[in-house]
Amino acid sequence: ELEMATTMNIIKCVVPISGGKDSQACVKLALQKFDKSEILGVFCDTKFEHPLTYAHVDKISEMYGIEIVKLNSSDVPTLVRKYGRFPSDAARFCTDELKIKVGKAFYKKLAQEQGEGFEVWYGMRKAESSQREKRYAGTVCDDIYPPHLFMPSKYPQYLAKLGVMIRLPIVDWQTEDVFEFLDGEQSPLYKMGFDRVGCFPCLAGGDYWKAKAFAFDDFGKSQRIKVVQLGHEIKKNVFTSMKWSLRNLDALVVTRNRKQVNKDDLFDAPCMMCHI
């Protein structure tokens, strides 16, 4: 269920928080315009995050003195089973159902309960990808936009009628600008070699980052075992590129022999790509 903010203050700025650098930069930037009592963070929990991410979301609340509401409607494994596939660039049902759908329901309820709207500060940047550069061409960081114009297929017109508007305050920032602004306050996962923070790993992301996450630590290994089991259930492979496809042999061995998945089977075998 959706939890509402415990504060009685009128919220003027909502920041969707992932635990990553860009949404954190939006929080820190919002404090230059709004009082901390007027800012509300919203963390849409996918139940697929690294423990360090959950800890950092709490740290953001403590560092900046803002309330962060935690929302959840389902989890990644449940959606993978529901759709019978892993998420991809063309099918980001995880983002749609666990973040956008949950978020817009919360925005509607908050606007109705406090009797006025607010700005939603998203941390999207043009420099993140060629797709985003094209999508946000012409977007001005200081302007606000009706949600249904920002994402026509995702947000209904009634949000704008309730006074909910969207702003992209760091849309023109480069990655180095974000890190310089945060000045070492960002998630420790960046210092550990990851270039994004969110689902661990993002199953719609590149195979390199999936492999890196699965081998990172005990939590990553437990995620690998969970994903192997999911792949067996839906009869799909999590590694999709030709370069990394041999990593799917772990799942084939496990399912063919119908044996208990053991992390030694998945991580202690020689590398199939370079035969070492």
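Residues numbered from 1 in each chain as written. Predicted model: local features only at pLDDT ≥ 70, side-chain atom pairs only at ≥ 80, totals over all residues. Heavy atoms only, no water.

What to know about the packing of helix H3 (residues 76-83) against helix H11 (residues 218-234)
Across the interface, H3 lies against H11 with an axial gap of 10 Å and an inter-helix angle of 15°. Looking at the two axes, H3 sits roughly parallel to H11. Read as a crossing pair, H3 and H11 show a hand that is right-handed. Residues Pro77, Val80 and Arg81 of H3 form the contact with H11, whose participating residues are Lys226, Leu230, Glu233 and Ile234. Looking at the contact of H3 with H11 residue by residue, the class counts come to four nonpolar, no polar and three charged. (Axes fitted to C-alpha atoms, helices over the stretch in contact; angles between N-to-C directions. Helix = DSSP H or I, 4+ residues; strand = E, 2+ residues; numbered from the N terminus. Parallel < 35°, antiparallel > 145°, perpendicular 65-115°, else oblique. Left-handed = near helix turned anticlockwise from the far one by under 90°. Contact = heavy atoms within 4.5 Å. Nonpolar A, V, L, I, M, F, W, Y, C, P; charged D, E, K, R; others polar.)

Comments concerning a negative patch on the surface
Side chains of Glu176, Asp177, Glu180 and Asp183 sit close together on the surface and give a patch of like negative charge. Topologically, aspartate 183 is positioned in the loop between helix H8 (175-182) and helix H9 (188-191). We classify aspartate 183 as exposed; its relative accessible area is 63%. (Patch = residues over 30% accessible without salt bridge, like charges linked within 9 Å, V, L, I, M, F, W, Y side chains within 5 Å. Areas by Shrake-Rupley, 256 points an atom, 1.4 Å probe, with all protein chains shown as cover. Salt bridge = Lys/Arg side-chain N within 4 Å of Asp/Glu carboxyl O. Lys, Arg positive; Asp, Glu negative; His and termini not counted. Charge placed at Lys NZ, Arg CZ, Asp CG, Glu CD. Buried < 20%, exposed > 50% of the residue type's maximum accessible area, 1.4 Å probe, protein only.)

Looking at the confidence of the model for the protein chain
Taken over all residues, the pLDDT of the protein chain has a mean of 87, while the share at 70 or more is 84%. Segment residues 1-7: pLDDT under 50, and 20 contacts once partners within four positions in sequence are set aside and those in other chains are kept. Every residue in residues 251-276 is under pLDDT 50, and counting partners more than four places away or in other chains gives 30 contacts. (pLDDT = per-residue confidence, 0-100.)

Regarding the nonpolar core
Counting 26 residues, the largest nonpolar core has Val14, Tyr107, Tyr122, Phe150 and Tyr155 as the members making the most contacts within it. For this core, the secondary-structure elements that each account for two or more residues are strand S2 (39-44), strand S3 (67-71), helix H4 (93-114), strand S4 (118-121) and strand S5 (164-167). Looking at this core element by element, the count peaks at six residues for H4. If near-sequence neighbours (up to four positions away) are discounted, valine 14 is found in contact with Leu40, Val42, Tyr107, Leu110, Phe118, Glu119, Val120 and Trp121. Counting 21 residues, the second largest nonpolar core, distinct from the first, contains Phe34, Ile60, Tyr64 and Trp121. (Core = buried A, V, L, I, M, F, W, Y, C linked by side-chain atoms within 4.5 Å.)

Digging into the packing of aromatic side chains
Per the counting criterion, the structure on display carries 15 aromatic pairs. Taking 6.0 Å as the distance between ring centres and 90° as the angle between the ring planes, the aromatic pair formed by phenylalanine 43 and tyrosine 54 counts as edge-to-face. Pair noted here: phenylalanine 43 is in strand S2 and tyrosine 54 is in helix H2 (residues 51-64), with a separation of 11 residues, a long-range link. By relative accessible area, phenylalanine 43 is classed as buried at 1%. Among the residues examined, tyrosine 54 registers a relative accessible area of 26% and is labelled partly exposed. Centroid distance tyrosine 208 to tryptophan 209: 4.9 Å. Interplanar angle 85°. Geometry classified as edge-to-face. Relative accessible area serves as the criterion here: at 45%, tyrosine 208 is assigned to the partly exposed category. Residue class for tryptophan 209 comes out partly exposed when judged on its relative accessible area of 31%. Ring pairing ties together the aromatic residues Phe194, Phe200, Tyr208, Trp209, Phe216 and Phe219, which thus form one cluster. Between the NZ or CZ atom of lysine 108 and the centre of the ring of tyrosine 158, over which it lies, the distance is 5.0 Å. (Phe/Tyr/Trp six-rings, centres within 6.5 Å; stacked < 30°, edge-to-face > 60°. Lys NZ or Arg CZ within 6 Å of the ring centre and 35° of its normal.)

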